[in-house]
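Each chain, letter by letter, is given below.
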Amino acid sequence: MELATAQHAFAQALLHADAPLPAGLTGARGVADAARFAVYRNNVHVGLTRALAQRFGVTERLVGGEFFAGMARAYAQEHKPSSPLIIDYGDDFPDFIAGFGPAQALPYLPDVARLEAAWTRAYHAADAAPLALARLATFAPEALATLTLKPHPSATLLRSPFPAGAIWAAHQGAELADIEAWQPETVLVVRPEMAVNVHVLPAGDGPFAALLFAGGTLGAAAEAALNEEPGFDFGAALVGLLTLRAFADIHQGDVP
C-alpha cells in the first residue's frame with residue numbers, strides 16, 4: 001500500500017468509528033486488534049474535543065458541556081487537524097456551528113465562536129509596531145482620501161447582526177454579566193502589544209472600518225459610512241481606530 005493511501009485509511013479509521021481497521025495494522029502479537037484501536041480512536045477524539053473546548057470556552061458556556069462535546073465530536077469526525085500545531089485546530093469550527101442543525105436555536109453562536117477564533121489568532125500572530133497617529137501628519141490634507149491602511153497582523157474585524165462582543169464580554173468572569181442592549185455590533189480583536197484586546201466599535205463606525213480592512217481608501221470608506229449613517233464623524237472614527245492600534249502601516253494608493 002502506498003504511503004499516502006495508508007495515511008488516508010488510518011485517518012479515516014480514526015475519525016469514523018464505522019470505518020474498517022486499516023489494512024496491515026497489527027498489535028504486538030502480529031494480529032489486528034479492533035478493540036485497542038477503538039481506545040486509541042477515542043483518545044484522539046477526546047484530545048480534539050478538549051482542544052476545541054479550550055479555544056471556544058465562551059461557546060461551551062453558552063450551550064453547556066454536554067451539548068458542546070457532542071457538537072465538537074461531530075466536527076472532529078469530518079475535520080482532522082490540518083496543522084501539527086493544535087492551537088490552529090478549529091479555525092473553521094464557527095462555520096461548522098452555523099450549519100449544525102441542533103445549534104440553530106442560537107443564531108448568535110457562530111459569531112461568538114468567530115470572535116473566539118480571532119482571539120486565538122491574535123494571541124499567536126506576528127508582532128508588529130502599530131501605526132501611530134502622527135504618521136497622518138506626514139501626508140498633505142488633500143491626499144487623505146487616497147490613503148489606505150494596512151491592518152495589524154493580529155487584527156480581525158467582525159461585523160455581527162448580534163451583540164457578539166457584549167456576549168463574549170459577559171462571560172469573561174465567574175458570574176454572568178448583563179448585556180445592556182441586544183443590537184448589531186462591529187468588534188475589533190487586536191494584539192498591538194502583549195495582551196489581546198476586544199473592542200466594540202461605535203455603531204456608526206462599522207462600515208468605515210470594514211472597508212478600510214478590505215483595502216479601501218479613506219475616501220471610499222468615509223463615503224460608504226456616510227451613506228449608511230449621515231451623522232458619521234470621519235475624524236473621530238479614524239482617530240478612534242488608530243488609538244485602538246488597529247493598523248500597522250499606511251500607504252498612498254492600494255495596499256500592497
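One structure accompanies this document, and this report is about it. (Residues numbered from 1 in each chain as written. Predicted model: local features only at pLDDT ≥ 70, side-chain atom pairs only at ≥ 80, totals over all residues. Heavy atoms only, no water.)

### Quick look at the sheet that holds strand 2 (residues 156–160)
Whether parallel or antiparallel, the strands of a sheet pair through hydrogen bonds between backbone atoms. Put simply, the test is: When DSSP locates at least two bridges between a pair of strands, those strands are taken to pair. By the criteria applied, helices consist of DSSP H or I runs no shorter than four residues and strands consist of E runs no shorter than two, each listed in order from the N terminus. Note on method: axes are straight lines fitted to C-alpha atoms, helices fitted across the in-contact stretch only, with angles between N-to-C directions ranging 0 to 180 degrees. The contact criterion used is simple: two residues touch if any of their non-hydrogen atoms lie within 4.5 Å.
Strand order in the open sheet made by the three strands is 2-3-4, with antiparallel pairing throughout. The sheet is open, and its two edges are formed by strand 2 and strand 4 (197–200), each paired on a single side. Sheet twist, expressed as the average angle between the axes of neighbouring strands with direction ignored, equals 20 degrees. One ladder, built from four bridges, connects strand 3 (residues 185–190) with strand 4; its direction is antiparallel. Among the inter-strand pairings, Val189 is bridged to a residue of strand 4, identified as Val198. Relative to strand 2, helix 6 (residues 109–124) is tilted by about 175 degrees, and along the sheet it contacts strand 2, strand 3 and strand 4. In this fold helix 8 (residues 206–213) packs onto strand 2 and strand 3, with an angle of close to 140 degrees to the strand it touches most, strand 2.

### Some details on the packing of aromatic side chains
Quick reminder of the rule: In this analysis, rings of Phe, Tyr and Trp, with Trp reduced to its six-membered ring, are considered paired at centre separations within 6.5 Å, and the interplanar angle assigns stacked below 30 degrees, edge-to-face beyond 60, and tilted for intermediate values. Residue exposure (1.4 Å probe, protein chains only): buried if accessible area is under 20% of the type maximum, exposed if over 50%, otherwise partly exposed.
This structure, assessed with the given rule, holds 14 aromatic pairs. Arranged with centres 5.4 Å apart and planes meeting at 70 degrees, the rings of Tyr75 and Phe96 form a pair that is edge-to-face. A residue pair is termed long-range when its members are at least 10 positions apart, and Tyr75 in helix 4 (residues 65–78) and Phe96 in helix 5 (residues 93–98) qualify at 21 residues. Comparing Tyr75 with Phe96, the two get one shared label, buried. Within the aromatic cluster, the residues linked to one another by ring pairs are Phe56, Phe67, Phe68, Tyr75, Tyr89, Phe93, Phe96 and Phe100.

### Comments concerning helix 9 (residues 218–228)
Rule in force here: The arc under discussion is defined with respect to the helix axis, by the directions toward the C-beta atoms.
Those residues of helix 9 that fall on the buried side of the exposure criterion are Leu218, Ala221, Ala222 and Ala225. Axial view of helix 9: buried residues confined to an arc of 100 degrees, hence all on one face. Away from the buried face of helix 9 by more than 90 degrees, exposed residues Glu223 and Asn227 are located. On the buried face of helix 9, the contacting elements are strand 1 (147–151), helix 8 and helix 10 (234–243).

### Side note on the packing of helix 8 against helix 10
Stated precisely, the cut-off is as follows: Note that the term roughly parallel is reserved for angles under 35 degrees, roughly antiparallel for angles over 145, roughly perpendicular for angles of 65 to 115, and oblique for everything else. Handedness of a crossing is defined here by the sense of rotation of the near helix relative to the far one, left-handed for an anticlockwise turn of less than a right angle and right-handed for a clockwise turn. As a working rule, the residues Ala, Val, Leu, Ile, Met, Phe, Trp, Tyr, Cys and Pro are called nonpolar, Asp, Glu, Lys and Arg charged, and the rest polar, with Gly in that last group.
Where helix 8 contacts helix 10, the axes come no closer than 10 Å and their chain directions differ by 55 degrees. One way to sum up the angle between helix 8 and helix 10 is to call them oblique. When you trace helix 8 past helix 10, the crossing you get is right-handed. Contacts from Phe208, Ala209 and Leu212 of helix 8 reach helix 10 at Phe234, Ala237, Leu238 and Leu241. Partitioning the contact of helix 8 with helix 10 into residue classes produces seven nonpolar, no polar and no charged.

Note that every value here comes from positions in space, so none of it alone points to a role or purpose.
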